[in-house]
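# Summary of the model geometry
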Amino acid sequence: MRTQTFKAKDVKSAINLVNTEFGDKAIILSTKKNNGLVEVEASDNDEIISDHKKKIEEKKNFSNVFLKELKTNSLKKNINNENKVSYLKNKDFEVKNDNFENSSKEIFEKIRDDISSLRKEMNGMIVTDQSGISDELSHQTPIKLRQEKFSPEIINKLNYSFIGKNLEDGRVSFFRELSRKLASNDFSRLLKSKNIFIFGNSGSGKSTLAAKLASYLSDAKNTKKINFFEVTNSSTGHSDVLKSYSRVLGFSLNDYKAFDFKNYTDNDEWINIFDFSGEMNFSIQKIKEIKNSFPSFDFCSILTVQSGSNSEMINGITKKVEDIRPMVAITKLDECWVGAEEFSSLALNNSRIGMVTGTKVIIDSIIEANENALTKYMKDNFENV
């Protein structure tokens with residue numbers, strides 16, 4: 001007869017090992033997780049089994065004593081001062097069994113609420129030593145940034161930006177360094193490009209961005225020589241959204257199959273904006289086909305990322321398009337703000353933000369996402385860091 005620890009990938013597997021080794025007589029003494037495995041301590045020793053049962057019985061007795069003490073104390077407090085306890089209102093102090101039950105129930109509800117409140121407070125805590133207490137020390141900056149949901153990876157990667165600085169200077173320096181890492185240099189290239197590919201997840205504002213860019217480039221270059229091309233695997237014709245923008249702005253809408261990629265030359269004065277509608281994988285596949293089939297064809301690619309996207313979504317998108325290396329456009333900024341989680345994910349995936357834009361306005365609604373603009377956005381929106 002002995003005591004033994006069994007390790008397995010989950011509790012069920014560990015219990016099966018116990019039953020195989022000791023049979024039905026065995027008793028479970030403890031369970032815990034260690035290095036990703038479940039460890040179950042069990043024994044078939046009669047003396048240990050007997051002692052374990054006594055301990056369980058003692059715990060039950062303690063619970064009964066605790067409950068009894070709660071009932072007694074609540075009664076005494078009510079008798080001494082009826083205004084100090086809100087859950088007993090009987091001025092005659094006629095004690096009945098249901099009084100005990102109600103009072104203990106309310107006490108446990110109060111305890112439960114206090115525990116819930118404490119849990120919420122603890123979720124925002126980060127354990128540190130005394131060097132991290134002063135606002136004048138740089139140790140405070142990463143703690144505040146973590147509380148604001150910047151990822152630990154990007155904080156560690158850019159820690160040189162705030163080391164040796166106080167909290168305020170450190171946070172601004174971190175914002176600026178992160179903005180420098182995120183800001184794209186492709187916006188100036190966009191102004192010179194004759195062919196622009198816009199793609200992204202469905203509903204991320206691709207067609208709206210195409211219309212905004214057409215309006216922006218028309219004003220910037222003082223030209224009306226702009227074409228829309230819709231790239232889709234649908235046989236139902238052009239989308240209603242792009243059709244309406246085409247009519248309002250006065251730019252023609254064409255099927256991309258009619259575009260002559262093979263014989264295109266940079267001497268062409270027309271600006272061509274390609275809206276890749278539909279599913280993301282189709283868009284990526286089509287862009288790669290054009291890139292491989294016509295290597296001399298020059299284009300600028302823009303990936304639309306809707307503001308409010310979570311890090312998991314951003315990680316998935318950026319990994320799919322790493323061969324294309326597009327400039328990122330943050331869209332629908334007037335519907336949802338860009339948080340620390342999004343900035344962290346974009347930076348860790350080496351994505352570059354070229355522009356930010358909203359949804360409601362077409363004219364004058366594109367903002368270049370340079371270092372200064374991104375830094376100001378972070379300072380204004382993360383001022384409680």
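Just above, that's the structure.
Note that the structure is a prediction, hence the values are computed from the model and not measured. (Residues numbered from 1 in each chain as written. Predicted model: local features only at pLDDT ≥ 70, side-chain atom pairs only at ≥ 80, totals over all residues. Heavy atoms only, no water.)

When you go through the protein residue by residue, the secondary structure sums to 13 helices and eleven strands. Partitioning the intrachain contacts of the protein with sequence separation of at least 6 by distance along the chain shows that 70% fall at a separation of at least 24. With an accessible surface of roughly 22,800 Å², the protein has 48% of that area assigned to carbon and sulfur atoms. (Helix = DSSP H or I, 4+ residues; strand = E, 2+ residues; numbered from the N terminus. Contact = heavy atoms within 4.5 Å. Areas by Shrake-Rupley, 256 points an atom, 1.4 Å probe, with all protein chains shown as cover.)

This next bit is on the sheet that holds strand E3 (residues 37-43). Spatial ordering of the open sheet is given by E1-E3-E2, a layout of three strands whose pairing is antiparallel. Unpaired on one side and paired on the other, strand E1 (3-8) and strand E2 (27-34) mark the two borders of the sheet. Averaged over all pairs of adjacent strands, the angle between their axes in this sheet comes to 20°, without regard to strand direction. The pairing of E2 with E3 spans seven bridges and is classified as antiparallel. Counted as the bridge partner of Ile28 is Ala42 from E3. Packed on one face of the sheet, helix H1 (residues 11-22) meets E1, E2 and E3 and runs near 140° to E1. (Pairing = 2+ DSSP bridges. Axes fitted to C-alpha atoms, helices over the stretch in contact; angles between N-to-C directions.)

This part takes up the packing of helix H11 (residues 311-320) against helix H12 (residues 340-348). Close contact between H11 and H12 brings their axes to 9 Å; oriented N to C, the two are set at 25°. Here H11 lies roughly parallel to H12, going by the angle between them. Crossing geometry of H11 relative to H12 is assigned as right-handed. Where H11 abuts H12, its residues Ser311, Ile314 and Asn315 lie against Glu341, Glu342, Ser345 and Leu346. The residue inventory of the contact of H11 with H12, partitioned by class, reads two nonpolar, three polar and two charged. (Parallel < 35°, antiparallel > 145°, perpendicular 65-115°, else oblique. Left-handed = near helix turned anticlockwise from the far one by under 90°. Nonpolar A, V, L, I, M, F, W, Y, C, P; charged D, E, K, R; others polar.)

Turning to the pattern of salt bridges, a few remarks are in order. When the charged atoms of two side chains lie near each other, side chains of opposite charge can form a pair. Applying the stated rule across the entire model yields eleven salt bridges. One network of salt bridges, with partners in common, ties together Arg176, Glu177, Arg180 and Glu371. (Salt bridge = Lys/Arg side-chain N within 4 Å of Asp/Glu carboxyl O.)

Moving on, we get to the sheet that holds strand E10 (residues 352-357). In space, the eight strands of this open sheet follow the order E6-E5-E7-E4-E8-E9-E10-E11, with mixed pairing throughout. Among the strands making up the open sheet, the edge pair consists of strand E6 (252-255) and strand E11 (366-368). Strand after strand, the sheet turns through a mean of 30° between neighbouring axes, direction not considered. With four bridges joining them, strand E5 (residues 226-231) and E6 adopt parallel strand pairing. When the sheet's bridge partners are listed, Asn227 is paired in E6 with Ser252.

In this section: H11. Inspection of H11 places Ile314, Ile317 and Thr318 among the buried residues, and these make up the whole buried set. Each buried residue of H11 sits inside an arc of 95° when the element is viewed along its axis, so together they form one side. Exposed positions of H11 whose direction lies more than 90 degrees from the buried face are Glu312 and Lys319. Summarising the contacts, the buried residues of H11 are in contact with helix H10 (280-293), strand E8 (300-306) and H12. (Buried < 20%, exposed > 50% of the residue type's maximum accessible area, 1.4 Å probe, protein only. Arc of directions from axis to C-beta.)

Ranked by internal contacts, the top residues of the largest apolar core, which has 48 residues, are Phe150, Phe174, Leu178 and Phe343. Phe150 has contacts with Leu145, Ile155, Phe174, Phe175, Leu178, Ala340, Ser344 and Phe382, leaving out every residue within four places of it along the chain. Ranked by size, the runner-up nonpolar core spans 25 residues in total, among them Phe187, Leu213, Ile271 and Ile302. (Core = buried A, V, L, I, M, F, W, Y, C linked by side-chain atoms within 4.5 Å.)

What follows covers the packing of helix H8 (residues 206-221) against helix H9 (residues 240-249). In the contact formed by H8 and H9, the axes pass within 9 Å of each other and the chain directions differ by 15°. The angle between H8 and H9 places the two elements in the roughly parallel class. With respect to the hand of their crossing, H8 and H9 are arranged in right-handed fashion. Here Ser207, Thr208, Ala211, Ala214 and Ser215 of H8 come into contact with H9, specifically with Val241, Leu242, Tyr245 and Leu249.

Our focus in this paragraph is H9. One turn of an α-helix holds 3.6 residues; hence residues three or four places apart share an orientation. Taken together, the buried positions of H9 are occupied by Leu242, Tyr245, Ser246 and Leu249. Buried residues of H9, seen end-on, are gathered within an arc of 100° and therefore sit on one face of the element. Facing away from the buried side of H9, by more than 90 degrees, are the exposed residues Asp240, Arg247 and Val248.

So, about the packing of aromatic side chains. Any pair of aromatic rings gets described here by the distance separating the centres and the angle formed by the planes. Across all of its chains, the model carries 26 aromatic pairs by this definition. Measuring from centroid to centroid gives 6.0 Å for Phe175 and Phe382, while their planes differ by 45°, and the two rings are tilted. On the criterion of sequence distance, the pair formed by Phe175 in helix H6 (residues 167-182) and Phe382 in the segment after helix H13 (371-381) is long-range, its members being 207 residues apart. For the pair Phe175 and Phe382, one class covers both residues: buried. (Phe/Tyr/Trp six-rings, centres within 6.5 Å; stacked < 30°, edge-to-face > 60°.)

So, about the environment of Ser311. Positionally, Ser311 belongs in helix H11. Separated by 29 residues in the primary sequence, Ser311 and Ala340 place their C-alpha atoms 9.7 Å from one another. Excluding anything up to four places from it in sequence, Ser311 contacts Glu341 and Ser345. At a separation of 2.8 Å, a polar atom in the side chain of Ser311 contacts the side chain of Glu341. (Polar contact = N/O pair within 3.5 Å; in protein donor to acceptor, adjacent residues only side chain to side chain.)

Inspection of the secondary structure assignment puts Ser207 in helix H8. Separated by 69 residues in the primary sequence, Ser207 and Phe276 place their C-alpha atoms 8.5 Å from one another. Excluding its chain neighbours within four sequence positions, the residues that come into contact with Ser207 are Ser239, Val241, Leu242, Tyr245 and Asp275. In this structure the side chain of Ser207 is engaged in a polar contact, spanning 2.6 Å, whose partner is the side chain of Asp275.

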